[in-house]
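Listed below are the residues making up each chain.
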Amino acid sequence: MFTYIVFILSIIFVIGFVGFSSKPSPIYGGLGLIVSGGVGCGIVISFGGSFLGLMVFLIYLGGMLVVFGYTTAMATEQYPEVWTSNVVVLGSFIVGLVMEVVLVITVFKDDELGFIFEFNNMGDWVVYDTGDSGVFSKEVVGVAALYSYGTWLVVVTGWTLFIGVVVIMEVTRGN
Amino acid sequence: LINPLILSVILTTVVAGTVMVMISSHWLMTWIGFEMNMLTIIPILMKHHNPRSTEAATKYFLTQATASMLLMLAIIINLLHSGQWTVMNLHNPLSSIIITLAMAMKLGLAPFHFWVPEVAQGIPLSSGLILLTWQKLAPLSILYMITPCINHHMILTMSLTSILIGGWGGLNQTQLRKIMAYSSIAHMGWMTAVLTYNPTMMLLNLLIYILMTLTTFMLFIMNSSTTTLMLSHTWNKMPLITLSTLVIMLSLGGLPPLTGFLPKWMIIQEITNNGSIMLSTLMAVTALLNLYFYMRLTYATSLTMFPTTNNMKAKWQLENTKKMNCLSPLIIMSTLTLPLAPMMML
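Residues numbered from 1 in each chain as written. Chains lettered and ligands numbered in written order. Predicted model: local features only at pLDDT ≥ 70, side-chain atom pairs only at ≥ 80, totals over all residues. Heavy atoms only, no water.

Observations regarding the overall build of chain B
Now for step 1: Within chain B one finds 16 helices and zero strands.
Now for step 2: Against the compact-globule benchmark of 20 Å for 346 residues, chain B has a radius of gyration of 20 Å, which places it among compact chains.
Now for step 3: Seen through its C-alpha atoms, chain B measures out along the principal axes to roughly 70 × 50 × 35 Å.
Now for step 4: Taken over 346 residues, chain B has a buried fraction of 57%.
Now for step 5: Within chain B, contacts between residues separated by at least 24 positions form 77% of all contacts whose residues are at least 6 apart in sequence. (Helix = DSSP H or I, 4+ residues; strand = E, 2+ residues; numbered from the N terminus. Rg over C-alpha atoms; globule rule 2.2 N^0.38 Å. Buried < 20%, exposed > 50% of the residue type's maximum accessible area, 1.4 Å probe, protein only. Contact = heavy atoms within 4.5 Å.)

Thoughts on unusual backbone geometry
Now for step 1: Following Ala-110 of chain B, the chain continues to Pro-111 of chain B via a peptide bond in cis, the omega torsion being 0°.
Now for step 2: With a phi angle near 55°, Lys-23 of chain A is a residue other than glycine that sits in the positive phi range.
Now for step 3: Mapped onto the elements of the fold, Lys-23 of chain A is located in the loop between α1 (5-21) and α2 (26-46).
Now for step 4: If you check the backbone angles, Ser-224 of chain B has positive phi at about 50° while not being a glycine.
Now for step 5: Position of Ser-224 of chain B among the secondary structure elements: in the loop between α10 (199-223) and α11 (228-231).

Quick notes on the packing of helix α6 (residues 125-133) of chain B against α10 of chain B
Residue and element names in this part refer to chain B.
Now for step 1: Where α6 meets α10, the closest approach of the two axes is 10 Å, and the angle between their N-to-C directions is 175°. The angle between α6 and α10 places the two elements in the roughly antiparallel class. Together, Leu-125, Ser-126, Gly-128, Leu-129, Leu-132 and Thr-133 of α6 and Tyr-209, Ile-210, Thr-213, Leu-214, Phe-217, Phe-220 and Ile-221 of α10 make up the contact between the two elements.
Now for step 2: Residues belonging to the contact of α6 with α10 are distributed by class as follows: nine nonpolar, four polar and no charged. (Axes fitted to C-alpha atoms, helices over the stretch in contact; angles between N-to-C directions. Parallel < 35°, antiparallel > 145°, perpendicular 65-115°, else oblique. Nonpolar A, V, L, I, M, F, W, Y, C, P; charged D, E, K, R; others polar.)

A word on the nonpolar core
Now for step 1: Among the nonpolar cores identified, the biggest contains 98 residues, and Trp-27 and Ile-99 of chain B are the most heavily contacted of them.
Now for step 2: Here Ile-99 of chain B is in contact with Trp-27, Leu-71, Ala-74, Leu-90, Ile-142 and Ile-146 of chain B, once residues within four sequence places are set aside.
Now for step 3: Val-156 of chain A together with Met-20, Met-29 and Met-36 of chain B belong to the second-largest nonpolar core, a separate cluster that totals five residues. (Core = buried A, V, L, I, M, F, W, Y, C linked by side-chain atoms within 4.5 Å.)

Some points on a nonpolar patch on the surface
Now for step 1: On the surface, Val-44, Phe-51, Leu-52, Met-55, Leu-58, Ile-59 and Met-64 of chain A cluster together to form a nonpolar patch covering roughly 610 Å² of accessible area.
Now for step 2: Note that Val-44 of chain A resides in helix α2. (Patch = residues over 30% accessible without salt bridge, like charges linked within 9 Å, V, L, I, M, F, W, Y side chains within 5 Å. Areas by Shrake-Rupley, 256 points an atom, 1.4 Å probe, with all protein chains shown as cover. Salt bridge = Lys/Arg side-chain N within 4 Å of Asp/Glu carboxyl O.)

A few points about empty space enclosed by the protein
All names here are of chain B.
Now for step 1: Applying the stated criterion to the full structure yields three cavities of 30 Å³ or more.
Now for step 2: Put simply, the largest cavity is a space of about 50 Å³.
Now for step 3: Together, Phe-34, Asn-37, Met-38, Tyr-60, Gln-64, Lys-106, Gln-135, Ala-138 and Pro-139 line the largest cavity.
Now for step 4: Every element with two or more residues in the lining of the largest cavity is listed here: α2 (27-45), α3 (51-82) and α7 (137-145).
Now for step 5: Lining the second largest cavity, in full, are Ile-163, Ala-186, His-187, Trp-190, Leu-252, Gly-253, Lys-264, Thr-286, Ala-287, Asn-290 and Tyr-294.
Now for step 6: Of all elements in the fold, only α9 (176-195), α13 (239-253) and α15 (277-303) reach the threshold of two or more residues within the lining of the second largest cavity.
Now for step 7: Among the residues forming the lining of the second largest cavity, the class breakdown is six nonpolar, four polar and one charged. (1 Å grid on protein atoms, 1.4 Å probe; cavity = no way out; pocket = protein on both sides within 12 Å on 5 of 7 lines; lining within 4 Å. Points joined across faces, edges and corners; volume = space filled by probe spheres on them.)

Brief notes about the UniProt feature "transmembrane region" (unreviewed entry) in chain A
Residues and elements named next belong to chain A.
Now for step 1: Under the local residue numbering, the UniProt record ascribes the feature "transmembrane region" (unreviewed entry) to residues 6-22, 29-48, 54-75, 87-108 and 146-169.
Now for step 2: Helix and strand shares over residues 29-48 are 90% and 0% respectively, and the end C-alpha atoms of the span are 29 Å apart.
Now for step 3: When the span residues 146-169 is considered, its composition is 92% helix and 0% strand, and the gap between its end C-alpha atoms is 29 Å. (UniProt positions renumbered as here; feature names shortened; annotations may be inferred.)

With respect to the UniProt feature "transmembrane region" (unreviewed entry) in chain B
All names here are of chain B.
Now for step 1: Using the residue numbers shown here, the UniProt feature "transmembrane region" (unreviewed entry) corresponds to residues 5-23, 60-81, 93-116, 153-172, 203-222, 234-255 and 275-295.
Now for step 2: With 71% helix and 0% strand, the stretch residues 93-116 has end C-alpha atoms that lie 28 Å from each other.
Now for step 3: Taken end to end, residues 153-172 has its terminal C-alpha atoms 30 Å apart, with 85% of it in helix and 0% in strand.

Let's talk about the layout of surface pockets
Now for step 1: Reported here for the second largest pocket is a volume of approximately 770 Å³.
Now for step 2: Lining the second largest pocket are 18 residues, with Thr-160, Leu-161 and Gly-164 of chain A together with Glu-35 and Leu-39 of chain B sitting closest to its centre.
Now for step 3: When residues of the lining of the second largest pocket are traced back to their parent elements, those giving at least two are α6 (151-171) of chain A together with α2 and α3 of chain B.
Now for step 4: It is α6 of chain A that contributes the most residues to the lining of the second largest pocket, nine residues altogether.

Structural notes on α7 of chain B
All names here are of chain B.
Now for step 1: Most of α7 sits inside the fold, with eight of its nine residues counted as buried.
Now for step 2: Among the residues of α7, Leu-137, Ala-138, Pro-139, Leu-140, Ser-141, Ile-142, Leu-143 and Met-145 are the ones counted as buried.
Now for step 3: For α7, the secondary structure elements touched by its buried residues are α1 (4-23), α2, α4 (93-107), α6, α9 and α10.

Focus: the interface of chain A and chain B
Now for step 1: With 17 residues of chain A at the interface, the matching set in chain B holds 20 residues.
Now for step 2: For the interface between chain A and chain B, the tally reads zero salt bridges.
Now for step 3: On inspection of chain A and its partner chain B, the count reaches one residue pair in polar contact (both at pLDDT 80 or more).
Now for step 4: Residue composition of the side of chain A that touches chain B, grouped by class: ten nonpolar, five polar and two charged. (Polar contact = N/O pair within 3.5 Å; in protein donor to acceptor, adjacent residues only side chain to side chain.)

Listed below in structure tokens is the structure:
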């Protein structure tokens, strides 16, 4: 089972996404985000990127989602819409689930899935170490490259994050 | 309405987003440029905080975010099939189709044109100006960069449908911003039609379209007019503007001695030289639909004097309060530069 851990985690990832994109109330959407975020961390860690996975847990789930949860709790209604509230949300959730189940069954039956790219049954999803990464793992090298070769990217993303806050404050000003 | 310091930061980021799309060689940076552009134009669309502007900004945000998602999907597919992120090297036809669809959504080409009139209507005139001129630069520069890989059938279908819809949709409108929105849809159709034949003509059409639309919007802002009826009171307020509106509208319609004829002439020449006679005939004929509603605006503004109430008749004495420094050179550039056409051949 642990050979296919990445596949199982990505199924749970997709189910989490389906859970919040069927649009229940944002509190339950946040629950879907927590599930997807945690499982996504697991996928990144399975590929050897332990630093980045833990960063996602810490900053995304432990910082941004917590703030999101608090603000949603302040702005919520008395009976928030859960997945079984009305036919629309339940219907879209079930449609997403059914499509995921069909995909999983297709992957298990045929050994290949050539939809947009060649997905040969578990060949790409089982993680094995070829041992040619050298002394440093690839994700640490990537983080170092971000701050050396990728200076422009850091500048742009930092500016965009700042502008995001400015825009949101400007939009919600209200007068 | 917006604190000037914040407004300068926001406008800088709008410009920076478009410039990043134009100068990047890495697909991720172009996507970031699109997101920066979209994020910071939202408060400009919502300058006046009323529910109509909020609705227009929300519609704009939803369509542009979907188009950015499609762009990211195409970038990832391209990465999967070629292993590199270089712009101008699209290795996969599926990726090229998805990027064309994403840019069509951003530009407002048919069948993704439904947001343009509604967003243009809900925002102030100056925001509409930025929306219909500056926001077209970034998607068209992406289309210009991937020109060799574009699927000809798809883009010609979309552009011909846009010209038809831009013409027919504008016929029943009295609101000026919706008329300019349908005019924008039709002009985008003309630009993308010639893109696969000769991309330089697309740039020529873009430049002249931006000049003419800029001038038109500035004339509307000077009058503070948003409907045909309000535009028809111009004879009373600033009679010189009625003459300018006349020549600008005829130039937008593409009539010969004026500048607006130049891109249409060049485009029809390029398309005909490549053998698509039916396409160029259809495009020329459906441009008449556009000309009809420009003529109707001209008729209401310059060619007739619409009746007004008596206390409206003395407004010509009052001086104009809006500073329009660039309006005179813009009017001249939008109407009288056709004789410069031989310079293009150098």
